Amino acid sequence: MFKKKVLHNVVWEITLKCNARCLHCGSSAGEIREDELNTKEALNICDQLAEIGCKDVNLIGGELFLNPDWQEIIKRLIQGNIDVSIITNGIALTEDKINFLAEVGLKTLGISLDGATPEINDHIRQVPGLFNKIFNTMEYVEKSGLKTVAITTLNKINIHELALFKEKLMDSPFKAWQIQLASPHGRMKDDLFLDLFEYYIAGLFFAQSRIVVPMNKLAIRCLHDFGYFSKVIPRHSSYSQWKGCSAGKHVLGIRSDGKVQGCLSIYRDEFTEGDLRQQSLKEIWNSRHLCKWNKRVNRYFSLKGFCKSCEFGLVCLGGCSDLAYSLTGNVGENPQCYHAIETYWKKTTPQNEFEEIFKEITQGYMDEAGVFYLKSGKAISNDFVDSLNIEGERKKLIKLIALV
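Keep in mind that what you see is a predicted model, and the values were worked out from it rather than measured.

*Asks:* Please clarify how helix α13 (residues 338–346) should be interpreted in this entry.
*Replies:* An α-helix turns once every 3.6 residues. As a result, residues three or four positions apart point the same way. Taken residue by residue, α13 has Tyr338, His339, Ala340, Ile341, Glu342 and Trp345 as its buried positions. Tucked inside the fold, the buried residues of α13 contact α7 (196–212), α10 (305–309) and α14 (353–361).

Written as structure tokens, this is what we have:
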């Protein structure tokens, strides 16, 4: 007997129109998409989501507040017993909108925040004054009782602000901090993407932060593009155990023109699975052809490189599809993987002092207090990092995980 497939989460881009021009935007949002869904079509999709038993819907843009139907869409979804969350850049977030969201029972208000300082945040988002505007608005959000999450897209510009970011958010009305990677597509340039050193140490930083920061102070969680199967880094993602990409299995993405994808992170036309102007959501969701590329057998046979020989290959299946495809052109090969990095550095000869330290980091361990130790047993402290003959960005990178 087959278990009924449950649609746990849908990310719905209700418009591509945006009032920001973020440097990392994978969808290159800005101008309205040609032939976006009209009011009748959007409300019909709300009803279809309720009909098939969808649990949660996350509304995004572009900037969702630029869709004139955003209030009607939220109310219709909630009437269908669907939990609704939104992600906004905060530019158009006003007291009236906050009051509406609180009154209808919004599950979570996500606000994009990409820097710990106005200089970095406003540069990445290309909107002067946005950082201060968000924190001024947060005073009113806190009074409303809305559960609010800061959502950060990590890249080379903001990685060195992580420690300051953590302190800023701990002393703010934000209840949680959600972190994701910027993949190199859309407006995101390759030279802004984290290298493997930055990626791995960022993972250590977030794992460490989850240990030292109480959950009731700030819940810290990384998304599906952080991992996988590290023997050094404690769990810090939103997954208790990674079991492969969820696209088309438990999640779906809907574009503002009604096109359906397995996941909106992998934002490419070739991954379009259907069109809600041509088919019902029920037909698309129940189709045996939905995300054939992500069926376990097909995905396993797509594995290449390290992923093909990896001991966790049959479970992990190449990690995040968006990362893998963006970096290699194949969903079955993903170099952005903790286990791959640890395996590589276990047998690689370092070429300089930074690489010597990094090799020891990838074979080290973190204690219950969050202190990180090199393989040699030496704790990474501020004094230790200061003593290293390493300059510039690399020294600052190691210092991110210096607790004592």
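*Asks:* Mind showing me how you'd approach the nonpolar core here?
*Replies:* It is characteristic of soluble globular proteins that their nonpolar side chains tend to be buried jointly. Membership of the largest hydrophobic core comes to 125 residues, with the highest contact counts inside it found for Trp12, Leu49, Leu59, Trp177 and Phe206. Examining the composition of this core, we find that nine residues originate from one element, α7, more than from any other.

*Asks:* In this structure, what is going on with unusual backbone geometry? I would like to understand it.
*Replies:* Most of the time, phi is negative for any residue but glycine, and the peptide bond is trans. The linkage connecting Gly61 with the following residue, Gly62, adopts the cis geometry, with an omega of 20°. Topologically, Gly62 is positioned in the loop between β2 (56–60) and α2 (70–79). Here the residue pair Gly227 and Tyr228 is connected by a cis peptide bond, since its omega of 25° sits within 30 degrees of zero. Note on placement: Tyr228 falls in the loop between β7 (219–222) and β8 (251–254). Residue Cys291 is not a glycine yet carries a positive backbone phi of 50°. Secondary-structure assignment places Cys291 in the loop between α8 (281–286) and α9 (296–302). The class for Cys291 is buried, based on a relative accessible area of 2%.

*Asks:* What's the story with the sheet that holds strand β3 (residues 83–88) in this structure? I'm lost.
*Replies:* Pairing in this open sheet of 10 strands is mixed, and the strands run β7-β6-β5-β4-β3-β2-β1-β8-β9-β10 from one edge to the other. Each edge of the open sheet carries a strand with a single partner, namely β7 and β10 (272–275). Across this sheet, the average inter-strand angle for adjacent strands is 25°, counted without regard to direction. In this sheet, β2 lies alongside strand β1 (residues 9–13) in parallel orientation, the contact comprising five bridges. Bridging from a neighbouring strand, Trp12 pairs with Leu59 of β2.

*Asks:* What is the right way to look at the packing of helix α3 (residues 95–104) against helix α5 (residues 130–144) in this model?
*Replies:* In a packed pair of helices, the relevant descriptors are the angle between the two axes and the axis-to-axis distance. Between α3 and α5, the shortest axis-to-axis distance is 10 Å and the interhelical angle comes to 25°. The orientation of α3 with respect to α5, classified from their angle, is roughly parallel. Both α3 and α5 take part in a crossing whose hand is right-handed. From α3, Glu95, Ile98, Asn99 and Ala102 reach across to α5, where they touch Thr137, Tyr140, Val141 and Ser144.

*Asks:* Whenever I open this one, the pattern of salt bridges confuses me. Can you help?
*Replies:* Where side chains of opposite charge bring their charged atoms close, a pairing between them can arise. Within the structure shown, the criterion is met by 18 salt bridges. A salt bridge links Asp47 to Arg76; its shortest N-O distance comes to 2.9 Å. Linking Asp47 in helix α1 (residues 39–51) with Arg76 in helix α2, this pair joins segments that are 29 residues apart in sequence. Asp47 sits in the partly exposed class, given a relative accessible area of 35%. Its salt-bridge partner being Lys399, residue Asp386 comes within 2.6 Å of it at the nearest N-O pair.

*Asks:* Would you take a moment to explain the pairing of β1 for this structure?
*Replies:* Regular strands place their side chains on alternate faces of the sheet. A large share of β1 lies buried, amounting to four of its five residues. Handedness of the crossover is the feature at issue here: the chain leaves β1, passes through α1, returns alongside β2, and the resulting connection is right-handed. The pairing of β1 with β8 spans four bridges and is parallel. By the bridge assignment, Trp12 is partnered in β8 with Ile254.

*Asks:* Looking at this structure, I do not really get the layout of surface pockets. What am I missing?
*Replies:* Over the atoms, a rolled probe matching the size of one water molecule traces out where space is still vacant. Taken as a whole, the second largest pocket encloses approximately 260 Å³ of empty space. In terms of lining, the second largest pocket is formed by 15 residues, of which the most central are Tyr228, Phe229, Arg235, Ser237 and Trp242. Residue classes in the lining of the second largest pocket are distributed as eight nonpolar, six polar and one charged.

*Asks:* Got a minute to help me understand a nonpolar patch on the surface in this structure?
*Replies:* On the surface, Val297, Tyr300, Phe301, Leu314 and Val315 cluster together to form a nonpolar patch covering roughly 510 Å² of accessible area. Counting residues per element, the ones that place at least two in the nonpolar patch are α9 and α11 (313–316). Within the secondary structure, Val297 sits in helix α9.

Cut-offs and rules
Residues numbered from 1 in each chain as written. Predicted model: local features only at pLDDT ≥ 70, side-chain atom pairs only at ≥ 80, totals over all residues. Heavy atoms only, no water. Buried < 20%, exposed > 50% of the residue type's maximum accessible area, 1.4 Å probe, protein only. Helix = DSSP H or I, 4+ residues; strand = E, 2+ residues; numbered from the N terminus. Contact = heavy atoms within 4.5 Å. Core = buried A, V, L, I, M, F, W, Y, C linked by side-chain atoms within 4.5 Å. Pairing = 2+ DSSP bridges. Axes fitted to C-alpha atoms, helices over the stretch in contact; angles between N-to-C directions. Parallel < 35°, antiparallel > 145°, perpendicular 65-115°, else oblique. Left-handed = near helix turned anticlockwise from the far one by under 90°. Salt bridge = Lys/Arg side-chain N within 4 Å of Asp/Glu carboxyl O. Right-handed = clockwise from strand over helix to strand, strands pointing away. 1 Å grid on protein atoms, 1.4 Å probe; cavity = no way out; pocket = protein on both sides within 12 Å on 5 of 7 lines; lining within 4 Å. Points joined across faces, edges and corners; volume = space filled by probe spheres on them. Nonpolar A, V, L, I, M, F, W, Y, C, P; charged D, E, K, R; others polar. Patch = residues over 30% accessible without salt bridge, like charges linked within 9 Å, V, L, I, M, F, W, Y side chains within 5 Å. Areas by Shrake-Rupley, 256 points an atom, 1.4 Å probe, with all protein chains shown as cover.

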